[in-house]
Amino acid sequence: MEAPVSREQEAGYYLKSHRIMDLLNHLTSVLLFVRPENPREYLISVLECMKIAKETNVAFPYFMDNSNITAMFEMLDNSGKGTISFVQYKEALKTLGLCDADEDLKDDGHIINLNRFKEEVNKRNREIWSSFW
């Protein structure tokens, strides 16, 4: 006989199946990046944009454009060499909410330059936000 499912297990299943914690983590990252004057109104507008994007089948506008990604890369590249370390790269992805703490990113030995950083951030943004539609 199968053991009954507790309310806590049901809640955990519900949150996981609807990716609620992922959504909240990403909304929090967006909020901390933008730091709007009125955070509640801003979050409502982001959710409304997500809803419109889903209903109209239009791509969701990501909170970071290439100029923001470039600015972040330049902050990380404080020596001005045009590259960042793998550790900096991984931490930047975590800070942006684009990498889970338990995700095992492999250092493939390739240099992390601005183009690679932009490509990865944009790719992960697309993957994450499209999964909420």
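Residues numbered from 1 in each chain as written. Predicted model: local features only at pLDDT ≥ 70, side-chain atom pairs only at ≥ 80, totals over all residues. Heavy atoms only, no water.

(A) Focus on helix H6 (residues 114–130). Over its 17 residues, H6 runs 24 Å from end to end, which matches the ideal 24 Å to within 8%, given 1.5 Å per residue. For H6, the set of buried residues is Phe117, Glu120, Val121, Asn122, Arg124, Asn125, Ile128 and Trp129. Looking at the buried positions of H6, the neighbouring elements they touch are helix H2 (20–34), helix H3 (39–56), helix H4 (66–76), strand S1 (83–84), helix H5 (86–95) and strand S2 (112–113). Two or three places before asparagine 115, at the start of H6, stands the capping residue asparagine 113, its side-chain oxygen 3.3 Å from that residue's backbone nitrogen. (Helix = DSSP H or I, 4+ residues; strand = E, 2+ residues; numbered from the N terminus. Expected span 1.5 Å × (residues − 1). Buried < 20%, exposed > 50% of the residue type's maximum accessible area, 1.4 Å probe, protein only. Contact = heavy atoms within 4.5 Å. Polar contact = N/O pair within 3.5 Å; in protein donor to acceptor, adjacent residues only side chain to side chain.)

(B) Highlighting the domain arrangement of the protein chain. Domain annotation for the protein chain reports domain 1 (7–56) and domain 2 (66–131). One C-alpha centre belongs to domain 1, the other to domain 2; they are set 22 Å apart. Summing both partners gives a buried area of about 650 Å² for domain 1 against domain 2, and 67% of it is carried by carbon and sulfur. Broken down residue by residue, the surface that domain 1 buries against domain 2 is led by Arg19, His26 and Phe33, which jointly contribute 63%. Between domain 1 and domain 2 we count zero salt bridges in total. Between domain 1 and domain 2 we count zero residue pairs in polar contact (both at pLDDT 80 or more) in total. It is H2 that contributes the most residues to the side of domain 1 that touches domain 2, six residues altogether. Residue classes in the side of domain 1 that touches domain 2 are distributed as five nonpolar, two polar and one charged. (Domains from an automatic or database assignment. Buried area = accessible area lost by both parts, 1.4 Å probe. Salt bridge = Lys/Arg side-chain N within 4 Å of Asp/Glu carboxyl O. Nonpolar A, V, L, I, M, F, W, Y, C, P; charged D, E, K, R; others polar.)

(C) The environment of leucine 105, seen in detail. Locating leucine 105 in the fold gives a position in the loop between H5 and S2. With relative accessibility at 13%, the residue leucine 105 sits in the buried group. Taking the C-alpha atoms as reference points, leucine 105 and asparagine 57, separated by 48 residues in sequence, lie 31 Å from one another. Apart from the residues lying within four places of it in its own chain, the contact partners of leucine 105 are Phe86, Lys90, Leu93, Cys99 and Arg124.

(D) Examining the packing of H5 against H6 more closely. Contact geometry of H5 with H6 gives a least axis separation of 11 Å together with a crossing angle of 30°. Regarding the angle of H5 to H6, the classification is roughly parallel. Crossing handedness for the pair H5 and H6: right-handed. Each of Tyr89, Ala92 and Leu93 in H5 lies in contact with H6, whose residues at this interface are Phe117, Glu120, Val121 and Arg124. (Axes fitted to C-alpha atoms, helices over the stretch in contact; angles between N-to-C directions. Parallel < 35°, antiparallel > 145°, perpendicular 65-115°, else oblique. Left-handed = near helix turned anticlockwise from the far one by under 90°.)

(E) Expanded view of the environment of leucine 47. By the secondary structure assignment, leucine 47 is in helix H3. Taking the C-alpha atoms as reference points, leucine 47 and leucine 27, separated by 20 residues in sequence, lie 8.9 Å from one another.

(F) Focus on the nonpolar core. Core analysis: the biggest nonpolar cluster contains 17 residues, and Ile84, Tyr89, Leu93, Leu96, Leu98, Phe117 and Val121 have the highest contact counts within it. Of all the elements, H5 adds the most residues to this core, at four residues. (Core = buried A, V, L, I, M, F, W, Y, C linked by side-chain atoms within 4.5 Å.)

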